[in-house]
Amino acid sequence: MLSSEILSFEQDTAVETTIQLERAARILDLEEWVVERLRHPEREVTVNLPLIRDDGCSATLTGYRVQHCTARGLTLGGLRLCPDATLADTRDRAMSSTWQLALLDAPFGGSAGAIVCDTTRLTERELRHIVKEYAVALRGIIGPHSDVILEDEGSNAQLLAWILDGCSHTHGHLEPAAVMGKPRALFGLEGHLAALAHGVAMVVERVAADRKLSRPRVAIQDLGEYGHFLAHCCDQRRLQIVAMADSSGGIYSPSGIAISSLADWLDEHGMLLGYPDAEAVCNKDVLACDCDVLIAAAPRNPITVAVAENVHASVIVEGVYGGITPAAVEALESRGDTVIPYILAGGGGMAHACLEWTVNTSGHVLLAGEAEEHLERRMQHGYEAAHEASLRYGITLREGAYVAAIELVADALRLH
């Protein structure tokens, strides 16, 4: 997508989040003061980040941090490094994080942050400097007991370690619980992407069971590192992978793709192109293939209305934030398809972050299998809450997820 198209999509997504709040308010008959409180974040901050480039030139980058709601606890949310980030989009992501955490029944509210930059055009020294400047500029605002930073688009474990160092300088000592997704050497809990993928697979498994699908056929739109985990997690749950796509193209096999064989190929070649045990197809063929479930996992290439017209899957999963445009969601649901929103499907990464924070603040040592049990419990709560709301109010599963989450946050607001 071009920058102008991405900006337009992000604005549409922000409008969609507000629309979902208004719909939930009508269904739940919420008081106007509650709705007004949830329409607007509690705090939003814009910071200017000075940078002297390696060539001696000076520049100033922009950063944002938005804290949506603390009615259910301190805030937790991602940090994006993206050239197209806007305050409006950051605001929307913070609100979405509030709903996602409520669905998980986690004691947090939602937040989100961004640094407007193209990481491919920054040297390692420049990137390290700018993220530390971001942490220092937000001193007193971010921290282990106020607003916790989580990995998101454009960030990684190394970058989060730099953020943690910046936070620690303002506190005078290391504060591991200020940042989630950090390296293990700094008391991080590995497996953020794996947890995100496991959460998606869990939800797909539950929807398939509700639809009496014994072994649903699954297509995965994007196969970066996250897509590798998705394919593995789906295969573990006996979900049959029939198609996948990455930047090099797509593959399709109506009888199923052997994930172990594919993993060996990817380890050696790094891309799907040339994989011998499936038919080579283009990316749009993967989206339109004969399957039961389509997982949209490409944040920079969302499913649009034009694409949705050719989708054969009856269950479409938003595996990343913004994986399906709002207009495409309406088009898919108007023909009876089930759309699983990111606030439900993407809960695994957030659940993992909640566990890391708990470990960091309590000193608890995880026992074997405890992380998996925690993830399963949180995701089950989210799915059951959304499913129960959809039945109670006669609405779609997607709407049920929003209604269930917003009702929980509204209940907390009334008790303050």
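Here goes a summary of the coordinates provided. (Residues numbered from 1 in each chain as written. Predicted model: local features only at pLDDT ≥ 70, side-chain atom pairs only at ≥ 80, totals over all residues. Heavy atoms only, no water.)

### So, the overall build of the protein
In terms of regular secondary structure, the protein is built from 15 helices and 13 strands. On the principal axes, the C-alpha backbone points of the protein span a range of 60 × 55 × 50 Å. Burial analysis of the protein (416 residues in total) assigns 56% to the buried set. Intrachain contacts of the protein at a sequence separation of at least 6 include 69% that bridge at least 24 residues. As displayed, the protein offers around 17,200 Å² of accessible surface, 52% of which is attributable to carbon and sulfur atoms. Side chains of the protein give 33 positive and 57 negative charges; the mean places of these two sets differ by 3 Å. (Helix = DSSP H or I, 4+ residues; strand = E, 2+ residues; numbered from the N terminus. Buried < 20%, exposed > 50% of the residue type's maximum accessible area, 1.4 Å probe, protein only. Contact = heavy atoms within 4.5 Å. Areas by Shrake-Rupley, 256 points an atom, 1.4 Å probe, with all protein chains shown as cover. Lys, Arg positive; Asp, Glu negative; His and termini not counted. Charge placed at Lys NZ, Arg CZ, Asp CG, Glu CD.)

### Looking at the packing of aromatic side chains
All told, the structure shown has three aromatic pairs when counted by the stated rule. Aromatic pair Phe108 and Trp357: ring centres 5.2 Å apart, planes at 85°, arrangement edge-to-face. On the criterion of sequence distance, the pair formed by Phe108 in the loop between helix 3 (87–103) and strand 4 (109–115) and Trp357 in helix 13 (residues 347–362) is long-range, its members being 249 residues apart. The two residues Phe108 and Trp357 agree in class, both being buried. Relative to Tyr342, the ring of Tyr321 has its centre 6.4 Å away and its plane inclined at 85°; by these criteria the two rings are edge-to-face. Of this pair, Tyr321 sits in the loop between strand 12 (315–318) and helix 11 (326–334) while Tyr342 is found in helix 12 (residues 342–345), placing the two residues 21 residues apart along the sequence. The class of Tyr321 is buried, set by a relative accessible area of 16%. The cationic tip of Arg128 hangs over the ring face of Trp162; the distance from NZ or CZ to the ring centre is 5.8 Å. (Phe/Tyr/Trp six-rings, centres within 6.5 Å; stacked < 30°, edge-to-face > 60°. Lys NZ or Arg CZ within 6 Å of the ring centre and 35° of its normal.)

### Considering the pattern of salt bridges
Per the counting criterion, the structure on display carries 29 salt bridges. A salt bridge links Asp337 to Arg335; its shortest N-O distance comes to 2.5 Å. The class of Arg335 is partly exposed, set by a relative accessible area of 39%. Between Arg414 and Asp411 there is a salt bridge, with the nearest N and O atoms lying 2.8 Å from each other. Taken together, the residues span about one helical turn, with Arg414 and Asp411 both in helix 15 (residues 397–414) at a distance of three residues. Here the salt bridges do not stand alone but share partners, grouping Glu22, Glu32, Glu36 and Arg39 into one network. (Salt bridge = Lys/Arg side-chain N within 4 Å of Asp/Glu carboxyl O.)

### Describing the sheet that holds strand 6 (residues 179–180)
Spatially, six strands are ordered 1-2-4-3-5-6 in an open sheet, and the strand pairing comes out mixed. Each edge of the open sheet is held by one strand with a lone partner, namely strand 1 (43–52) and strand 6. Bridge analysis of strand 5 (residues 147–151) against strand 6 gives two bridges, and the strand direction is parallel. The partner of Ile149 across the bridge, within strand 6, is Val179. In the packing of helix 3 onto the sheet, the strands contacted are strand 1, strand 2 (58–67), strand 3 (75–81) and strand 4, and the crossing angle to strand 4 comes to about 150°. (Pairing = 2+ DSSP bridges. Axes fitted to C-alpha atoms, helices over the stretch in contact; angles between N-to-C directions.)

### Here we look at the sheet that holds strand 7 (residues 217–220)
The strands that make up a sheet pair up through hydrogen bonds in the backbone, lying either parallel or antiparallel. Spatially, 10-9-8-7-11-12-13 is the arrangement adopted by the seven strands of the open sheet, whose pairing is mixed. Whereas interior strands pair on both sides, the edge strands pair on one side only; in this sheet they are strand 10 (279–281) and strand 13 (338–340). Within the sheet, the average angular offset between the axes of one strand and its neighbour, ignoring direction, is 20°. As judged from the four bridges shared by strand 8 (residues 240–246) and strand 9 (residues 249–252), these two strands associate in the antiparallel manner.

### As for the packing of helix 3 against helix 13
Taken N-terminus to C-terminus, the directions of helix 3 and helix 13 make an angle of 75°; their axes are 10 Å apart at the nearest point. Judged on the interaxial angle alone, helix 13 and helix 3 are roughly perpendicular. Counting all contacts with helix 3, which are made through Ser97, Gln100 and Leu101, the residues of helix 13 involved are Gly347, Met350 and Cys354. Of the residues that constitute the contact of helix 3 with helix 13, the class distribution is three nonpolar, three polar and no charged. (Parallel < 35°, antiparallel > 145°, perpendicular 65-115°, else oblique. Nonpolar A, V, L, I, M, F, W, Y, C, P; charged D, E, K, R; others polar.)

### Section: the side chain of Lys182
Mapped onto the fold, Lys182 is located in the loop between strand 6 and helix 6 (192–210). Of the polar contacts made by the side chain of Lys182, one reaches the backbone oxygen of Val179; its length is 2.6 Å. Of the polar contacts made by the side chain of Lys182, one reaches the side chain of Asn360; its length is 2.7 Å. What Lys182 contacts, discounting residues up to four positions off in sequence, is Ala157, Leu160, Leu164, Pro176, Phe187, Gly188, Leu189, Glu356 and Asn360. (Polar contact = N/O pair within 3.5 Å; in protein donor to acceptor, adjacent residues only side chain to side chain.)

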